[in-house]
Amino acid sequence: MHNDLFFIVVLVDKDIIRVDATIIAGILILLTLSSIGFGIATPDPKVGYRAKSVLTLSSIIFFAISGIFASLPTLLKKLEESELMMFISVIFMISGLAYLVGVISYFIAVTYS
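Residues numbered from 1 in each chain as written. Predicted model: local features only at pLDDT ≥ 70, side-chain atom pairs only at ≥ 80, totals over all residues. Heavy atoms only, no water.

Observations concerning the nonpolar core
Ranked by size, the top nonpolar core spans 7 residues in total: Ile 23, Ile 24, Ile 27, Ile 60, Phe 63, Met 93 and Leu 100. Looking at this core element by element, the count peaks at 3 residues for helix 1 (residues 13-36). When near neighbours in sequence (up to four residues on either side) are disregarded, Met 93 contacts Val 19, Asp 20, Phe 63 and Ser 66. (Core = buried A, V, L, I, M, F, W, Y, C linked by side-chain atoms within 4.5 Å. Buried < 20%, exposed > 50% of the residue type's maximum accessible area, 1.4 Å probe, protein only. Helix = DSSP H or I, 4+ residues; strand = E, 2+ residues; numbered from the N terminus. Contact = heavy atoms within 4.5 Å.)

A word on the pattern of salt bridges
Per the stated rule, a full pass over the model turns up 1 salt bridge. A salt bridge links Arg 18 to Asp 15, with the nearest nitrogen and oxygen atoms 3.7 Å apart. In this pair, Arg 18 and Asp 15 are both assigned in helix 1, 3 residues apart and thus about one turn of the helix distant. For Asp 15, a relative accessible area of 25% translates into the label partly exposed. (Salt bridge = Lys/Arg side-chain N within 4 Å of Asp/Glu carboxyl O.)

With respect to helix 3 (residues 82-111)
In a regular helix each residue adds 1.5 Å, so 30 residues correspond to 44 Å; helix 3 covers 43 Å between its end C-alpha atoms and thus fits that length. Within helix 3 the residues assigned to the buried category are Met 85, Met 86, Ser 89, Met 93, Gly 96, Leu 100, Val 103, Phe 107 and Val 110. (Expected span 1.5 Å × (residues − 1).)

Written as C-alpha cells, this is what we have:
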C-alpha cells in the first residue's frame with residue numbers, strides 16, 4: 001500500500017462553525033421560500049404550516065449546539081478539552097444532518113403520496 005492514498009481530514013473549530021452557519025442559513029432560506037409558496041395561497045393541506053415550521057426549525061437546534069461546542073474551548077481558553085468538544089460538536093453536526101434528511105424525506109413522502 002502506498003501512503004499517498006491515505007489522507008487525514010482535520011476539522012478545526014472555524015470549519016465546524018462555518019458549516020453550521022451555512023446549514024442554518026440554508027434552512028432559514030428554504031423555510032422562507034416555502035412560506036411564500038410561489039403563488040400558492042394556502043399551505044399544503046397534508047402538512048400544516050405550523051408543523052412544517054416546527055419540524056424545520058427543530059433541525060436548527062442540532063447545528064446551533066454543534067457551533068456552541070465548537071467555540072467553547074476558544075471562548076473559555078481551555079485547550080486541553082478541545083478534542084472532546086470537537087468530537088461532541090461533530091456528533092451533533094452528524095445528528096443534525098441525519099435529522100434534516102429525515103425531515104426532508106418526510107416532507108417529500110407526505111407531499112407526493
